[in-house]
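Tertiary structure, described
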Amino acid sequence: MADVRCFINGKEHIVPLTLPATTTLNEYLRETVGLKGTKVMCHEAGCGCCAVTVTHATPESDRLETYSVQSCVTPLYAVDGWQINTIEGIGSQKKGLHPIQERVAKFNGTQCGYCTPGVVMNMYGLLHQKPKITAQEVEDNFDGNICRCTGYRPILDAMKSFANDGNIPGCEAIDIEDLNKNLCPKTGETCQGKCTRRLDVQVNGARWYRPVTLAELGKLMTDYKDKKIRPVFGNTSTGIYKKGGLCDAYFDMRGVKELYSFEATSTTIRLGAATTLTHVIERLKAHQEKPGFSYLSEVCKHLKVVANVMVRNTACIGGNLMVKYWHHEFPSDVFTLLECAGANLEIYDTASGQKSITPILDLLTKLKMGDKVLTAIILPSLADNVHYKSFKVTPRWQNAHAYVNAAFGIPVDGLTIKGRPSLVLGGISANTIHATKTEDFLANKTLSIGVIKEAFALIRDELKPTESPLETSAKYRKDLAGGLLYKVLLGLHKSRGSKVWSGPNDLHRPLSSGIQTFQEMSHEFPLKRAGPKMDAAVQASGEAVYVNDMPKVQNELYAAFTLADVASATIESLDASEALKLPGVTHFLSAKDIIGENHYKFGGNLFDMPQHEVFASKEVYYNGQPLCLILAETQSAANEGAKRVKVTYSEIRPPVLTIEESLAKDMEFKHVRKTVVVGEPDEAWSTVDHTVEGTIRMGSQYHFYMETQVSLAVPSEDGIDLYSSTQYSDMCHHAAAQIIGKPFNYINITVPRIGGGFGGKSFDPALLSSAATLAAYISDRPVRLNLDLNSNIRICGKRPPFVAKYKAGFNNDGAVQVVDIDFASDIGFTDQGHILTIDAATYMDMSYFVPNWHWVGRSMKTNKKSVQPVRAPGAVPSALIIESIMEHVAKALDKHPMRIKEINLYQNGHKDIYGHILQNCTLKEVWQRLKDVAEIEGRLKQVDNFNRENTWKKRAISMTACKHGIQFYGPGFGATVSIFCRDGSVAITQGGVEMGQGLYTKVAQGVAYVLGISLDNIKVRPMQGISSPNSSITGASVVSESSMQAAIKAAEILKERMRPIREKFPDANWKELCMKCDANKIDLSARSFNKHELFDHPVFNYNTYAAAATETEVDILTGESQIRRVDIMADYGESLNPVIDIGQTEGAFVMGLGNFLIEDTKFDMETGRILSDGTWNYKPPTSKDIPIDWRIHLLPNTPNPSGIRSSKACGEPPISLSTGVLLANKLALEYARQELFGKKDFIPVDAPFTPEKAHQSVGINESILMM
Ligand SMILES: Cc1cc2nc3c(=O)[nH]c(=O)nc-3n(C[C@H](O)[C@H](O)[C@H](O)COP(=O)(O)OP(=O)(O)OC[C@H]3O[C@@H](n4cnc5c(N)ncnc54)[C@H](O)[C@@H]3O)c2cc1C
Ligand code: FES
Ligand code: FES
């Protein structure tokens, strides 16, 4: 067979054989075919934005199957004979949207839109697999699509509208149209799904085979026995273990029929090794009712939380076990489950051509698999008395590998263990499989509380978990093993006491739901109308163009940075000779090549901050710092070249990576210390009845925008056309001009929509823009510089971690009188991040009136990248600190924290920390209304009852509040509104950047309102430097409103110009009016500027107020938790578009819960390298981490006298409310400590409050176990 063919969106493609064997389907679709609707971000099968559907015949079923996959791990040459559908194929604006695209747009399931094509295609695959689906199936299907913007609720609602049992109003199930032509690449006839083609092609640098029999596969493996080979099935393991390198030959096993066999007898089930995990679940489910196989229901339940739907669709069970074989430390759930069941493997020895059966354990202890094929897995029936139970404890609800997984098979008769139990654990160490001593101990024991306690102690004692910065602590994993064993033993005791009844059970997550209530202002429509985003359709159809989607420009070069692999060192030399020898590599650029200045200014025109080197010229300050740039004809050549640059350091110093060490070494940037004194704190201490003191810690958060940083610089006849994904075009503009020593007008910058920012595209994009501009200038060729996720995480700044020591003085009634805070923040290697320390001071009071404050903010130096703003950078730490102080006061007074908070809440007439008297403060009203709608008093009683009845599960409700000062910072924003006279259509360009916050929609709404025209007549065009020069950063929540106001003013200018003509022709329709204006020589384009001014407050224009009530439940034995219900009441004035503002609220809340519960950055303490640099180790929330029951209410009838058009900004404020998830969990754990140890102590706040920290804060030991 000499070619590789597939159908893409119904069109046949002959795949060129000139690409490397490691080319993925995604690379082919995007780079060769030019279908850029399919996005790419992680290359790890971990984010889902690259989803497409594939249809092909499998030897397994002899029929065609359609399912969704992540194209970023799908090998290109595996697609021979496949039909592939991408987002472009299923619908478009011209052809008409597919119902899935329509609904995701209609339900506001898009914000930045970068995840949307993947979301749509995953649903498309599901509807193909299951035309009749339930809402639960839909919800289960979205474990692999990360969306950082929306908070998932609207996506789930949109998709559940297709469910047969859905209760989403006005929607219905659809019949999915089969778009595939299903033509056989061999015959051109309709494919019957009965054959898979044999393949043998020489591709670039390797041979690609698809054998169709086991014997053929065996022969190939023998022929290549001295070469580097890779048998491949789903190829998903490359998402985890990337450093495989190129092989001589690849053997695609999908065609080997023998690998799919399935047989079930009364005593065994034989599963072909090539059975995908999705099919394994289906097959085993069908047999779980049979005698001896009831344990399969537990296996299936567990398999459903292995990886994510799209991985399970394409990854095979044999592949999973082989990953465990090659990497013993890999916490394979499949291995744990099968080993506990006593499964056997069927192995094919390619040398002898013989098959043998061997226990699965041999895979780790005896077998040498290099020349062998795993052909089948044989599951035995288990005796009726075997109690089989498995566990998986993870940092988030889905799509996460286990901290610890376990499967326990215990033969029992009543309370007596009959024989030896099987206790299998994963995630402990490469060599730990069974807890053998505990197995021995439990053999033939009759369960009593004494036996349970001993077993608990023994398993903790015998396990020796490997310590690694990426793992949870060894102690937690030992404790977890003990907790899980206790759960299973407790589960055997059918007559256990009622209080421990729920102990053995996992947390149960029912179907989620949401309610939103809001007010619209019909007299101002289309302003203040709850309408969909203007670009929702274009995002849903995949037609939205982001910088990296821009077509390849002729002669274009790709760029990649070489990064420092140490954190503190002096550079001796950079040697690029090996890199330059690589085919395709064209240039090497370092600090020495810079024509202008080797700097980009942090803060651009907003803050006069010290400058940051583009390429390190001598000193390295953090691991990941860019040292130089390699240019090449392809991205892979550039990446490889960048790796081959040899860096010699003359001195390497140990890095400083923690605040504690920085403090100990006196590394504070003292010149920027911020001290705030309010009232008379020194005197106040003597007047208070009580004091509390403590320490609060918070870690860092990566922005996790789905579109990584990217710049494209294209030389033009008289300058450089620069395209950047930035929130701050002016800073990129400046950096680009400066690096080549040219005036600003040499650079023509355009910012199309960006795929999420959250503050992370404020300052760092200037690094890319300047480097790409330099490269384009020197090479005189267009240069594209797009960071892969790992580099993006290594290079870019994140949310600053902090440690705050506090002391608070308060009266018997709980009124807090004085607070002292010593706040130390890790701002990285330059002092520029101190603006975020100042920002924290700006928000220190948040929602609570405290008359006396002493606040010291220290900016600590470490060997990390300078921090960047992340959504509400000042408010997040301050909210956590002050909310936590209130909770501590409550604990000291033995009151529910809510009671203390409401005593201290700000209200009208209070002076804020700036001495400003609050007017129009709705906080009390917001709080009280929230209490009412959320039925807090009644639910507190229910929580108390639940806690009284349950020892090992605890619930709590936390109420949190937000007074978020809104500042219209910087000079302001401008907008130009142009009317085209011949048809009256309107185009607007303005200075803000659309990143999902609905800016374009609000701008258009404002102009439509003023001109009295339909929104359909208006388009908002990308921001351009030439028409919106000197634009400040799009951030701090205010730019949608500000740009809208600028556009409104411009529209008002136009309206005024048109007024005489309108008066003359009162009956003219809009188009006629525009024609007549033009005929009367009226300029139909106007620009205006919304100047930012403060009025009666020194810092803020007004406050946005909101409050949340969060109910969570914690599993005390594991530390896992779930958010049962969240109610939010928010005062957004007269919202300019309530559904957009609710979208911002949900997105912010979920980003916050990630920060407070899940997301954790980990470093190698020796090299300073960030280890959590991808989706495998860094976990933003997924769709099942969100509240199960989520109700959002916008406070009606509260126009904001100080806001634009009576509105309030809302992009950042709600994130502070999500402190409630941490605080509710903490409260629940305090209830547990009180019950278990009689201690009424306060658990210190340490974010992210991961399951590990939650679990460890209780301090469970065997003495408190009960039956
Ligand atoms: C995002 C993500 C999340 C994941 N989460 C989990 C998780 O929570 N729990 C868990 O257990 N796993 C998890 N995994 C691992 C996943 O289950 C495996 O990647 C997958 O099962 C491998 O199957 P594959 O078909 O893609 O194998 P491939 O990647 O194609 O192959 C994997 C290895 O097995 C070899 N191989 C494959 N089949 C055979 C065979 N029959 N005989 C000999 N060698 C063979 C290959 O040569 C290769 O070395 C996750 C993976 C990803 C990408
Ligand atoms: S890019 Fe493919 S899953 Fe992230
Ligand atoms: S809309 Fe989902 S990531 Fe932006």
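Residues numbered from 1 in each chain as written. Chains lettered and ligands numbered in written order. Predicted model: local features only at pLDDT ≥ 70, side-chain atom pairs only at ≥ 80, totals over all residues. Heavy atoms only, no water.

An unreviewed UniProt entry lists the protein under the name FAD-binding PCMH-type domain-containing protein, from Elysia crispata. Database annotation for the protein, UniProt heading Sequence similarities (unreviewed entry): "Belongs to the xanthine dehydrogenase family." (UniProt positions renumbered as here; feature names shortened; annotations may be inferred.)

Moving on, we get to the overall build of the protein. The helix and strand tally for the protein stands at 36 helices and 46 strands. Against the compact-globule benchmark of 33 Å for 1267 residues, the protein has a radius of gyration of 31 Å, which places it among compact chains. Principal axes of the C-alpha set define a box for the protein whose edges measure 90 × 80 × 70 Å. Within the protein, buried positions represent 66% of all 1267 residues. In the protein, 77% of the contacts between residues at least 6 apart in sequence involve partners at least 24 apart. (Helix = DSSP H or I, 4+ residues; strand = E, 2+ residues; numbered from the N terminus. Rg over C-alpha atoms; globule rule 2.2 N^0.38 Å. Buried < 20%, exposed > 50% of the residue type's maximum accessible area, 1.4 Å probe, protein only. Contact = heavy atoms within 4.5 Å.)

The full count for this structure, using the stated rule, is 86 salt bridges. A salt bridge links Lys130 to Glu137, with the nearest nitrogen and oxygen atoms 3.7 Å apart. Residue classification places Lys130 among the partly exposed residues on the basis of a relative accessible area of 34%. For Lys954, the salt bridge goes to Glu1235, with nearest N and O atoms at 2.4 Å. Of the two residues, Lys954 is situated in strand β37 (residues 953–966) and Glu1235 in helix α35 (residues 1219–1237); the sequence distance between them amounts to 281 residues. Taking relative accessible area as the criterion, Lys954 reaches 1% and is therefore assigned buried. (Salt bridge = Lys/Arg side-chain N within 4 Å of Asp/Glu carboxyl O.)

As a further point, take the packing of aromatic side chains. Using the criterion set out here, one finds 31 aromatic pairs in the structure. A ring pair is formed by Tyr486 and Trp952, whose centres lie 5.4 Å apart and whose planes are at 80 degrees; its orientation type is edge-to-face. Here Tyr486, found in helix α16 (residues 474–492), pairs with Trp952, found in the loop between α29 (936–949) and β37; they are 466 residues apart in sequence, far enough to count as distant. With 4.9 Å between their ring centres and 0 degrees between their planes, Tyr621 and Phe829 make a pair best called stacked. Of this pair, Tyr621 sits in the loop between β25 (619–620) and β26 (626–632) while Phe829 is found in the loop between β35 (816–828) and α25 (834–842), placing the two residues 208 residues apart along the sequence. Residue class for Tyr621 comes out partly exposed when judged on its relative accessible area of 32%. Within the aromatic cluster, the residues linked to one another by ring pairs are Tyr702, Phe704, Tyr705 and Tyr1178. (Phe/Tyr/Trp six-rings, centres within 6.5 Å; stacked < 30°, edge-to-face > 60°.)

Okay, the site of ligand 1 next. Of all residues adjacent to ligand 1, which total 37 residues, the nearest are Pro231, Thr236, Ser237, Asp333 and Lys392. Measuring from an oxygen atom of ligand 1, one finds a backbone N or O atom of Pro231 at 2.5 Å. For ligand 1, an oxygen atom lies 2.7 Å from a polar atom in the side chain of Lys392. In isolation ligand 1 offers 970 Å² of accessible surface; the protein chains occlude 96% of this area. Those elements that place two or more of their residues in the shell around ligand 1 are β8 (229–232), α11 (317–326), α12 (333–341) and β14 (372–380). Each residue belonging to the shell around ligand 1 can be placed in one class, and the counts come to 22 nonpolar, 10 polar and five charged. (Near = heavy atom within 4 Å. Polar contact = N/O pair within 3.5 Å; in protein donor to acceptor, adjacent residues only side chain to side chain. Areas by Shrake-Rupley, 256 points an atom, 1.4 Å probe, with all protein chains shown as cover. Nonpolar A, V, L, I, M, F, W, Y, C, P; charged D, E, K, R; others polar.)

Moving on, we come to the UniProt feature "active site" (unreviewed entry) in the protein. Look at the UniProt record and you will see "active site" (unreviewed entry) annotated at Glu1212. Following the sequence through the fold, Glu1212 ends up in the loop between β45 (1189–1194) and α34 (1214–1217). What makes Glu1212 buried here is its relative accessible area of 13%. Setting aside anything within four residues of it in sequence, one finds Glu1212 in contact with Arg871, Ala872, Pro873, His964, Ala1036 and Ser1037.

Let us now look at the sheet that holds β25. Strand pairing in a sheet relies on backbone hydrogen bonds. The paired strands run either parallel or antiparallel. Strand order in this open sheet of three strands is β25-β21-β27, and the pairing throughout is antiparallel. Two strands lie at the open edges of the sheet, namely β25 and β27 (646–652), each paired on one side alone. Pairing analysis gives six bridges linking strand β21 (residues 569–575) to β27, with the strands arranged antiparallel. Counterpart to Asp575 in the pairing with β27 is Lys646. (Pairing = 2+ DSSP bridges.)

Taken across its nine residues, α12 has nine buried, putting it largely inside the fold. Within α12, burial applies to Asp333, Val334, Phe335, Thr336, Leu337, Leu338, Glu339, Cys340 and Ala341. Capping of α12 at its N-terminal end is provided by Ser332; its side-chain oxygen lies 3.2 Å from the backbone amide nitrogen of Val334. Positive backbone phi, at 80 degrees, marks Gly342, one or two positions downstream of α12.

This paragraph deals with the packing of helix α30 (residues 999–1011) against helix α31 (residues 1039–1064). Where α30 meets α31, the axes come as close as 8 Å, and the angle between the chain directions of the two elements is 25 degrees. The orientation of α30 relative to α31 falls into the category roughly parallel. Two packed elements cross with a definite hand, and for α30 against α31 that hand is right-handed. Contacts between α30 and α31 involve Leu999, Lys1002, Val1003, Gly1006, Val1007, Val1010 and Leu1011 on the former and, on the latter, Val1039, Ser1040, Glu1041, Ser1043, Met1044, Ala1047, Ile1048, Ala1051, Glu1052 and Lys1055. Counted by class, the contact of α30 with α31 contains 10 nonpolar, three polar and four charged residues. (Axes fitted to C-alpha atoms, helices over the stretch in contact; angles between N-to-C directions. Parallel < 35°, antiparallel > 145°, perpendicular 65-115°, else oblique. Left-handed = near helix turned anticlockwise from the far one by under 90°.)

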